[in-house]
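# What the coordinates show
Here is what each chain is made of, one letter per residue.
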Protein chains: 2
Amino acid sequence: MSSSAERDFVTAHLDDLHADLDAWLRIPSISADPAHAGDVAASAEWLAEALRRTGFPTVEIWETEGAPAVFAEWPSADQDAPVALVYGHHDVQPVDPLELWEHPPFEPTRVETPDGPELHARGAIDDKGNVAFHLLGMRAHLAATGRDTPAVTVKMIIEGEEESGSPFFADLLRSHADRLRCDVVVVSDTGMAAPDLPSAVTSMRGLADAEITLRGPAVDLHSGSFGGAVPNPLHALAELVASLHDADGKVTLPGFYDAVRPLSDRERELMGRVPFDEAAWLAGPAASRTTTGEAGFSTQERIGARPTAEVNGMWGGYQGPGHKTIIPAEAHAKITFRLVADQRPEEIGPMVRAWVEAHLPAGIEADVHVPAGGVAPCASDLDSPYMDALLSAIAQAWDTQADQVLFMKEGGSGPEADLAEQLGAPLVFLGAGLPTDRIHSPNERVLLPMLHRGAEATAHLWRELAGVRPPAR
Amino acid sequence: MSSSAERDFVTAHLDDLHADLDAWLRIPSISADPAHAGDVAASAEWLAEALRRTGFPTVEIWETEGAPAVFAEWPSADQDAPVALVYGHHDVQPVDPLELWEHPPFEPTRVETPDGPELHARGAIDDKGNVAFHLLGMRAHLAATGRDTPAVTVKMIIEGEEESGSPFFADLLRSHADRLRCDVVVVSDTGMAAPDLPSAVTSMRGLADAEITLRGPAVDLHSGSFGGAVPNPLHALAELVASLHDADGKVTLPGFYDAVRPLSDRERELMGRVPFDEAAWLAGPAASRTTTGEAGFSTQERIGARPTAEVNGMWGGYQGPGHKTIIPAEAHAKITFRLVADQRPEEIGPMVRAWVEAHLPAGIEADVHVPAGGVAPCASDLDSPYMDALLSAIAQAWDTQADQVLFMKEGGSGPEADLAEQLGAPLVFLGAGLPTDRIHSPNERVLLPMLHRGAEATAHLWRELAGVRPPAR
């Protein structure tokens, strides 16, 4: 175990972190539920107050058409130092099904485990835990370096709608572009491979979605009087969805892979370094009997580095008890596509339309709805000085060497691509989650030592980043 | 126009038929809705009273585990005459969606049309109209022949649960087998091809159903973190359903066609005699853009004479607004199979299981639920003396010759097969419905002249049947 002034400060003030998180987690800031709009606002107020208490001279609540975001800024006395912008969110996922929680989701409960103490609550890691460690981290940075201002200018943008798909976040970034200008974005909304496997996320997948409605007869028909003689939209939908992948597990949309950057040998080598126990993964988080997917790629590559198509919902006709002998008038499917560099979400809609068109049987009409927007894939530059600073900070907090920090690709998608695109700044990812944290599920938890190390890592990061000279702005 | 004493009596007493039907249709005897259980009981009481008023010496209400049935018997003085049992039902379909009705469904409304007066109400033809004409028909028979008792012994069994799938009807038949003993069953729950195309249904399809649940991951998974690497039960369901038919539109269950009796040249010739305007059928009742189905068969044959498989409902995953990025734990489909002679409903379950088994991808488990029961296909013997009597009665009522009466195959299914099997008696079908009657839909109606002819036909039928000498009982 190495020691450092940053670690000493963090260790001496863990109770502050725990008390802050406890108070914040008691606010049920569920952004997807309009009934909790007041709680989301209260969550923003709590965070603004905590940032002021930490010492940020500028703290503002930014209203949006949806939920409020919190902005904070602490300029460095060193005017040549880089500007870092921390991204996170203060809203949380819904808690259904409530009966599966071992403890009430908004009464944070400490549970001792062989790996150390856990805190169970909705938002414990996603994302209040990941944001909260920045409060203690900033204090540790200042105390350890004896400074009145941070070594780099630190801004924070903590949005309130991430769990609702960040519908107004790109607008927010556009309308406050000047205030948010930065040299690097530090995303704190991800995790690491394991407590003893410090790691940095280097990319996230993009997202595009489509909803398909197939229409057959104008009304539901009696399947005795008409069955066997008119097209059944459920049969057509099944054929269509069955055609979404070929025998090699490849997505069949025409042109889907055209823009996909092939995985380099270096990327595959780096991904391969992350230990992965497939049997444990299947038995644990994946809760599945077997793996499947695109031929020629490992499970980790399939999840993190390759584009996919998944039907998230499909329905039509009668779903009640017993039977109802109808040929339904309509059938529906919702599909999301995960994208990798250099795919663009806006290119997927036309591909979906072409694919549906090519697979429609006679007598069936299709309505393909492709929402505007989507999420672009995003990635860190592995060779930038910001990445060097991040790896060094993580290495110090996790008692290892920078070249031992693993690189992970995150299969999920978020507004991070908006940050990179709207602000024109590179991304690095510092998050303290674990695959076992059950985010979005009942019994969400955080392993508290991960948050302690996260706080220490940010303290190191502001010091390390001070050595980077950004290109002229 | 021929004239007869039967027609004269019917014509002179049409107001009685109209008044009876009006009163009966005001009772909303919806068997599927427990809130209407009292109305179903009131409907049985109304019918029992009407049968007593008509002169039936024995009228009983038979309770079941579900809704009550009405039994009536009027023995012929001629002890060698056959015993005929009329089957019908006094319950009706639900009325949703109510807003699509042009008149309140339980306020019978007369509407003049170029074809004659219609009566609009739920149950107007299915099946209160078809039962009601027997009341007037019996009076016409007695008046025209000057008898105190009918020429044949007439029994009636009018059940109260047909629109709920007749769950307790086979039990009822078994427990009252002695009372229901008969030489021929006269089913009055079907229709004819057109007002000027008198016709007799000669078969009904059977029914078997299955519900399939496919299970993938133990819980809904995040499609970003797991998508592309674990089996998605919706994809598996689509592949399964897509495999239900081959390129020729044939059902792929192993052995599905083994018991199917090939259509004889005579049957195809008889079916072909029924005029069928496919374009009008598509534009009208089928409300579809095109026909489809099993290669090598006409639309009428596909509907009436060939077995089919239709998915009536399919669902899994997220169905709400926007998207939810999950791989669902489960996917579901409800399938019904229509059967023809000599398929048996109880043989379908094992075929479904074998088919699902053969199409399951790795990592997906299936639960196939096949309810006990089902409905066997049933058919009339075209060459029996009972059929001769029926054709003669229809011909007289519709002003034609017996050899001009068309034969129709009914694609739907009902408890008629139970009658034939439990009672060991042949079936003939006398119903006055039309394809345009909108049964089971909003704005159900009956063309009143069809009911008038139906009443006259029963009056002729009892007289014609008296000439048949049944085999020794």
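Criteria and cut-off values
Positions within a chain are numbered from 1, following the residues in the order the chain's sequence is written. Throughout, the order in which chains and ligands are written sets their labels, letters from A for the former and numbers from 1 for the latter. The predicted nature of this model means local features are confined to residues of pLDDT at least 70 and side-chain atom pairs, given and counted, to a pLDDT of 80 or more, with totals for whole chains, interfaces and linings taken over all residues. Values reported for side chains reflect all heavy atoms of the structure, with hydrogen atoms and water molecules removed beforehand. Any two residues whose heavy atoms approach within 4.5 Å at even a single point are treated as in contact. Put simply, buried area is how much 1.4 Å-probe accessible surface two parts lose in total, over both of them, once they are put together. Salt bridge, as used here: a side-chain nitrogen of Lys or Arg that lies within 4 Å of a carboxyl oxygen of Asp or Glu. N or O atoms closer than or at 3.5 Å make up a polar contact, with two conditions inside protein: a donor-capable atom paired with an acceptor-capable one, and, for residues adjacent in sequence, both atoms drawn from side chains. Helix and strand assignments come from DSSP, with helices taken as H or I runs of at least 4 residues and strands as E runs of at least 2, each series counted from the N terminus. The superposition of copies rests on a least-squares fit of C-alpha positions from residues with pLDDT of 70 or more in both. The angle between two axes is taken between their N-to-C directions and runs from 0 to 180 degrees, where each axis is a line fitted to C-alpha atoms and a helix contributes only its stretch in contact. An angle below 35 degrees is read as roughly parallel, one above 145 as roughly antiparallel, one from 65 to 115 as roughly perpendicular, and any other as oblique. Helix crossings get a hand from a simple test, with the near helix turned counterclockwise from the far one by less than a right angle marking a left-handed crossing and a clockwise turn marking a right-handed one. Note that Gly is not counted as nonpolar here; it falls among the polar residues with everything else outside the nonpolar set of Ala, Val, Leu, Ile, Met, Phe, Trp, Tyr, Cys and Pro and the charged set of Asp, Glu, Lys and Arg. What counts as a domain boundary in this text is fixed by an automatic or database domain assignment.

- An unreviewed UniProt entry lists chain A under the name Acetylornithine deacetylase/succinyl-diaminopimelate desuccinylase-like protein, from Modestobacter versicolor.

## Some words on the interface of chain B and chain A
- Each partner contributes to the interface: chain B provides 74 residues, whereas chain A provides 74 residues.
- Roughly 5,500 Å² is buried in total at the junction of chain B and chain A, and carbon and sulfur atoms are behind 55% of that figure.
- Linking chain B to chain A there are two salt bridges.
- Close ionic contact of E365 of chain A with R289 of chain B constitutes a salt bridge, the shortest N to O distance being 3.2 Å.
- Between chain B and chain A we count 39 residue pairs in polar contact (both at pLDDT 80 or more) in total.
- Of all the elements in the fold, those that place two or more residues in the side of chain B that touches chain A are β9 (206–215), β10 (221–222), α7 (223–226), α8 (233–242), α11 (299–304), β11 (308–317), β12 (326–327) and β13 (330–339) of chain B.

## Focus: the relation of the copies chain B and chain A
- Rotating chain B by 179° about the axis while translating it 0.1 Å along that axis superimposes it on chain A, leaving an RMSD of 0.2 Å. Both chain copies can therefore be described as sitting about a two-fold axis.
- Both copies contact each other with a shared surface, as 100% of the interface residues of chain B are interface residues in chain A too.

## A word on the packing of helix α1 (residues 5–12) of chain A against helix α4 (residues 128–145) of chain A
Residues and elements named next belong to chain A.
- Relative orientation of the contacting elements α1 and α4 amounts to 130°, with a least axis distance of 8 Å. With respect to α4, the element α1 is oriented oblique. Note on packing geometry: the crossing formed by α1 with α4 is right-handed. Facing A5, E6, F9 and V10 of α1, the residues of α4 in contact are L136, R139, A140, A143, A144 and T145.
- The residue makeup of the contact of α1 with α4, split by class, is seven nonpolar, one polar and two charged.

## Some details on the domain arrangement of chain A
Residue and element names in this part refer to chain A.
- The assigned domain composition of chain A is domain 1 (5–204 + 377–465) and domain 2 (207–260 + 307–369).
- Centre-to-centre separation of domain 1 and domain 2, based on C-alpha positions: 38 Å.
- Listed per partner, the contact involves five residues of domain 1 and seven residues of domain 2.
- At the junction of domain 1 and domain 2, the tally comes to one salt bridge.
- With a closest N to O distance of 2.9 Å, E421 and R344 form a salt bridge.
- Run the count over domain 1 and domain 2 and you get two residue pairs in polar contact (both at pLDDT 80 or more).
- Its residues placed into classes, the side of domain 1 that touches domain 2 shows one nonpolar, three polar and one charged.

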